[in-house]
Amino acid sequence: TGFAFPSCHACVATCAWNGGEELGQRATAVSRLPEAGGLPVHATRQPRSLATASAPCVSEEPGRERSGEDRRTQRSGTSGSFELHVLRSKAHGQGSEGSTQVSRIVSPREAVPTMARPLQWYGMAMAFFHVSELTLEWLHNRQDFDFFGSLLISKPYVLAHSVGLLEFGVESWLLPSIKAHQGIMWIGVFFVVLGESIRKAGIIVGKHNFTHQIRTSNADKRNVLVKHGIYKWVRHPGYLGWFIWAPATQIVLMNPLCTIAFMVVAQRFFQERIPYEEQYLRKFFPQEYENYAKQTSSWIPGIA
């Protein structure tokens, strides 16, 4: 309840849940305004423990006449709705100076900025990729297992993703509107999952025949040509999966420049790597691999 006296302001802030459940006790403070007569103003203020954010003070201009008015703002949260009632009353009379500070409660969803969501998905994609690569390599190729080599982290790779994060930061600062399209982020998440699925299927089906380093010798006859499972439709599922996954990480960040750059660089990389690897495969499995390559595509643009 607020009491208004001539030349005084009364502000009542009440915070409650939708269910009518009271949050905290009300504190009553008595203060005097530096006005003629020094009449007291009784204000019921929200406890500090309930306020998670404060709005700036709203100052009223000296001598400005205002009629009685009721203002109400409602803010909805995730698990419940907070209602902030602000009642301002002023009796007709001479103008006065004063200020009213309104506390606003931020919902739990607002605690995580929108800009942070793409970074969260990007971080999860990167972590899953490298941890899963390391784990599967250890399971299938313990004999030749190399911890740092299995992480698939190189200087060009680190540089490329550093540039991607730099683009995200600069565009978020200068052009935040292009980072507000959550639909683009979800498209990126979809292609990240698709690329990972194709690559991991190739590793799981290929087992020890799938290696991070190109084999230049098969003297021990340990490797065989895998043509079943996903290899029945894709000649190099590991490469195709990475070709999809790498640009998709930049789509998650909504980086237009790095998305195009990653696609171009990845295509050129595989345009050199696949023919180099296949010359050894043709050497290990002369006629068998030749027939397999004619029947099965790599599905990477520019590579048969």
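Refer to the structure above for everything that follows.
Now for a look at the structure at hand.

Let's shift gears to the layout of surface pockets. Put simply, the largest pocket is a space of about 1,200 Å³. Along the walls of the largest pocket sit 42 residues, with H212, Y239, F269, F270 and R273 positioned nearest its centre. The residue makeup of the lining of the largest pocket, split by class, is 27 nonpolar, 10 polar and 5 charged.

Moving on, we come to helix α6 (residues 256–284). The terminal C-alpha atoms of α6 lie 42 Å apart, and with 29 residues this matches the ideal 42 Å at 1.5 Å per residue to within 8%. Residues of α6 that are buried include every one of C258, T259, F262, A266, Q267, F270, I274, E277, E278, Y280, L281 and F284, and no others. Where α6 is buried, its residues contact α3 (155–174), α5 (237–252) and α7 (286–295).

Attention now moves to the pattern of salt bridges. The full count for this structure, using the stated rule, is 8 salt bridges. For the salt bridge of E171 with K179, the shortest nitrogen-to-oxygen distance reads 2.7 Å. The pair E171 / K179 is uniform in exposure class, with both members buried. Measuring nitrogen to oxygen at the nearest pair gives 3.6 Å for the salt bridge that ties E278 to R282. Residue E278 and its partner R282 are located together in helix α6, separated by 4 residues, close to a single helical turn. Judged by its relative accessible area of 30%, R282 is partly exposed.

Right, let's talk about the packing of α5 against α6 for a bit. Packing of α5 against α6 brings their axes to within 9 Å, and their N-to-C directions diverge by 165 degrees. Classified by the interaxial angle, the pair formed by α5 and α6 is roughly antiparallel. Our pair here, α5 against α6, has a crossing hand that is right-handed. Residue-level contacts link Y239, W242, F243, A246, P247, T249, Q250 and I251 of α5 to C258, T259, F262, M263, A266, Q267, F270, R273, I274 and E277 of α6. Classifying every residue of the contact of α5 with α6 by side-chain character gives 12 nonpolar, 4 polar and 2 charged.

Quick look at the packing of aromatic side chains now. As enumerated under the stated definition, the model contains 10 aromatic pairs in all. Taking 5.1 Å as the distance between ring centres and 70 degrees as the angle between the ring planes, the aromatic pair formed by F269 and F270 counts as edge-to-face. Ring centres of F284 and F285 lie 6.3 Å apart, and the angle between their planes is 85 degrees; this geometry places the pair in the edge-to-face category. On the accessibility criterion, F284 (18% relative accessible area) is buried. Relative accessible area serves as the criterion here: at 12%, F285 is assigned to the buried category. By the ring-pair criterion, three or more aromatic residues cluster together here, those being F129, Y239, W242, W245, F269 and F270. Here R142 stacks its cationic end above the ring of W138, 3.9 Å away from the centre of that ring.

Reading the values: rules and limits
- Residues numbered from 1 in each chain as written.
- Predicted model: local features only at pLDDT ≥ 70, side-chain atom pairs only at ≥ 80, totals over all residues.
- Heavy atoms only, no water.
- 1 Å grid on protein atoms, 1.4 Å probe; cavity = no way out; pocket = protein on both sides within 12 Å on 5 of 7 lines; lining within 4 Å.
- Points joined across faces, edges and corners; volume = space filled by probe spheres on them.
- Nonpolar A, V, L, I, M, F, W, Y, C, P; charged D, E, K, R; others polar.
- Helix = DSSP H or I, 4+ residues; strand = E, 2+ residues; numbered from the N terminus.
- Expected span 1.5 Å × (residues − 1).
- Buried < 20%, exposed > 50% of the residue type's maximum accessible area, 1.4 Å probe, protein only.
- Contact = heavy atoms within 4.5 Å.
- Salt bridge = Lys/Arg side-chain N within 4 Å of Asp/Glu carboxyl O.
- Axes fitted to C-alpha atoms, helices over the stretch in contact; angles between N-to-C directions.
- Parallel < 35°, antiparallel > 145°, perpendicular 65-115°, else oblique.
- Left-handed = near helix turned anticlockwise from the far one by under 90°.
- Phe/Tyr/Trp six-rings, centres within 6.5 Å; stacked < 30°, edge-to-face > 60°.
- Lys NZ or Arg CZ within 6 Å of the ring centre and 35° of its normal.

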